[in-house]
Amino acid sequence: MAITTQQLIRLKQQGKAIAAVTAWDYLLASLLDQAGVDLILVGDSLAMVALGYDTTLPLTLDEILHHAKAVRRGVKQALVVVDLPFMSYQESPEQAIRAAGRALKEAGAQAVKLEGGYPAMVATVARLVQAGIPVLGHVGLTPQSVHQFGGYRKQGTSPEASDRIVEEAIALEQAGVFGIILEHIPSELGLRISQKLTIPTIGIGAGPHCDGQVLVTADLLGLSDWQPPFAKSYVNLRETVTQAVQTYCTEVREHKFP
Ligand code: KIV
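Residues numbered from 1 in each chain as written. Predicted model: local features only at pLDDT ≥ 70, side-chain atom pairs only at ≥ 80, totals over all residues. Heavy atoms only, no water.

Engineer: I'd like a rundown of the site of the ligand, residues and numbers included.
Structural biologist: The immediate surroundings of the ligand are formed by Thr 22, Leu 41, Gly 43, Asp 44, Ser 45, Asp 83, Lys 113, His 138, Glu 183, Ile 204, Val 214 and Val 216. Within the contact set of the ligand, an oxygen atom lies 3.0 Å away from a side-chain nitrogen or oxygen of Lys 113. Taking 260 Å² as the accessible area of the ligand by itself, protein coverage stands at 96%. Classifying every residue of the shell around the ligand gives four nonpolar, four polar and four charged. (Near = heavy atom within 4 Å. Polar contact = N/O pair within 3.5 Å; in protein donor to acceptor, adjacent residues only side chain to side chain. Areas by Shrake-Rupley, 256 points an atom, 1.4 Å probe, with all protein chains shown as cover. Nonpolar A, V, L, I, M, F, W, Y, C, P; charged D, E, K, R; others polar.)

Have a look at this one:
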């Protein structure tokens, strides 16, 4: 049975952790799905890991939908969530409805994710949820605001900043998100938010007390040429792939293959 947003909420109630990853194409998505992840995010980090942009900002809605359609075709079990790219939803709730509607109708997404909280995004989330579109929130370090933050810095490090993130998370829950990503915040803050909310928190650099964890799959597989300090690689595919391709080149050039 395919995983639903309600099931993710039940996992929190049962004290079971949610395992989430990102994906950007069919092959990867089908492997991740068969490995048993709960949630696959077509994250806008694909701007960097699949398209070679420096940040997530240049990514367009058309570009992410192209990848989301491929991911969707590879997934049978996991919940597929599509990120709304920078400037595809910030202008107004109506713009967000149009972008999220395309993610569900054209790419077959089961939910969308958007960054930010109080107050503008809270109104947008409420509008999307009223329209029947499940939304995953995202607070803390929200990479689409990298220029406002002055870099990919840890957020919520002062008492005022951490209180504000807690307020944002509560406001997003009240607006109807089914879950919330907490990125690059102190682990005590991850714990505080996870205890306050009834919906699941999914952390990335937010400590071990979140209700689930998400990793960018390029980091998890050791494919990235750079990764944030909180990421973990479970295998070094960068090295494995390089060695395999070098061996292939040698065998071709030495007439050993085929
Ligand atoms: O786009 C992405 O990969 C994300 C993760 C940081 C969760 O939003």
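Engineer: Go over the side chain of Gln 144, please, and point to the residues and values.
Structural biologist: Note on placement: Gln 144 falls in the loop between strand 5 (135-140) and helix 7 (146-149). Only 2.9 Å separates the side chain of Gln 144 from the side chain of Tyr 89, close enough to count as a polar contact. Filtering out sequence-adjacent residues up to four positions away, Gln 144 remains in contact with Asp 44, Thr 56, Leu 57, Leu 84, Pro 85, Phe 86, Tyr 89, Gln 90 and Glu 115. (Helix = DSSP H or I, 4+ residues; strand = E, 2+ residues; numbered from the N terminus. Contact = heavy atoms within 4.5 Å.)

Engineer: Outline the pairing of strand 5, listing residues and values.
Structural biologist: Where a strand is regular, its side chains alternate between the two sheet faces. Strand 5 sits mainly inside the fold: six of its six residues count as buried. Going residue by residue along strand 5, you find Val 135, Gly 137 and Val 139 tucked away on one face and Leu 136, His 138 and Gly 140 tucked away on the opposite face as well. Pairing analysis gives five bridges linking strand 5 to strand 6 (residues 179-183), with the strands arranged parallel. In the sheet register, Val 139 faces strand 6, and the bridge partner there is Leu 182. (Buried < 20%, exposed > 50% of the residue type's maximum accessible area, 1.4 Å probe, protein only. Pairing = 2+ DSSP bridges.)

Engineer: So what's going on with the sheet that holds strand 1 (residues 18-22)? Which residues, and what values?
Structural biologist: The pairing of strands in a sheet happens through backbone hydrogen bonds and is either parallel or antiparallel. Spatially, the eight strands close up into a barrel ordered 1-2-3-4-5-6-7-8, and their pairing is parallel. Averaged over neighbouring strand pairs, the angle between their axes works out to 25° when direction is ignored. Sheet topology note: the strand 2 (residues 39-42)/strand 3 (residues 79-83) ladder contains four bridges and is parallel. Across the sheet, residue Ile 40 finds its bridge partner in strand 3, namely Val 80. Where helix 8 (residues 159-175) meets the sheet, it contacts strand 5 and strand 6, and its direction lies at approximately 175° from that of strand 5. (Axes fitted to C-alpha atoms, helices over the stretch in contact; angles between N-to-C directions.)

Engineer: Any details on a nonpolar patch on the surface? Residues and values, ideally.
Structural biologist: A cluster of nonpolar side chains, contributed by Leu 223, Val 241, Val 245, Tyr 248, Val 252 and Phe 257, occupies part of the molecular surface with about 500 Å² of accessible area. Structurally, the position occupied by Val 241 is in helix 11 (residues 237-253). (Patch = residues over 30% accessible without salt bridge, like charges linked within 9 Å, V, L, I, M, F, W, Y side chains within 5 Å. Salt bridge = Lys/Arg side-chain N within 4 Å of Asp/Glu carboxyl O.)

Engineer: Give me the packing of helix 8 against helix 9 (residues 187-196): which residues, what numbers.
Structural biologist: In a packed pair of helices, the relevant descriptors are the angle between the two axes and the axis-to-axis distance. Interhelical geometry of helix 8 versus helix 9 gives an angle of 30° and a closest axis separation of 10 Å. Here helix 8 lies roughly parallel to helix 9, going by the angle between them. Crossing hand, helix 8 versus helix 9: right-handed. Counting all contacts with helix 8, which are made through Ser 162, Asp 163, Ile 165, Val 166, Ala 169, Ile 170 and Glu 173, the residues of helix 9 involved are Leu 189, Arg 192, Ile 193 and Lys 196. Tallied by class, residues from the contact of helix 8 with helix 9 come to six nonpolar, one polar and four charged. (Parallel < 35°, antiparallel > 145°, perpendicular 65-115°, else oblique. Left-handed = near helix turned anticlockwise from the far one by under 90°.)

Engineer: Describe the packing of helix 2 (residues 26-35) against helix 4 (residues 61-74), with residues and values.
Structural biologist: At a minimum axis distance of 7 Å, the contact between helix 2 and helix 4 shows a crossing angle of 40°. In terms of their interaxial angle, helix 2 and helix 4 are classed as oblique. Crossing hand, helix 2 versus helix 4: right-handed. Where helix 2 abuts helix 4, its residues Tyr 26, Ala 29, Ser 30 and Asp 33 lie against Ala 70, Val 71, Arg 73 and Gly 74. Its residues assigned to classes, the contact of helix 2 with helix 4 shows four nonpolar, two polar and two charged.

Engineer: Quick rundown of helix 6 (residues 120-130)? Include the residues and the values.
Structural biologist: Where helix 6 is concerned, the buried positions are Met 121, Val 122, Thr 124, Val 125 and Leu 128. Buried residues of helix 6, seen end-on, are gathered within an arc of 160° and therefore sit on one face of the element. On its buried face, helix 6 sits against helix 5 (93-105), strand 4 (111-113), strand 5 and helix 8. Directly beyond the C-terminal end of helix 6, a positive phi value near 85° is found at Gly 132. (Arc of directions from axis to C-beta.)

Function cannot be inferred from these measures alone, as they are strictly geometric.
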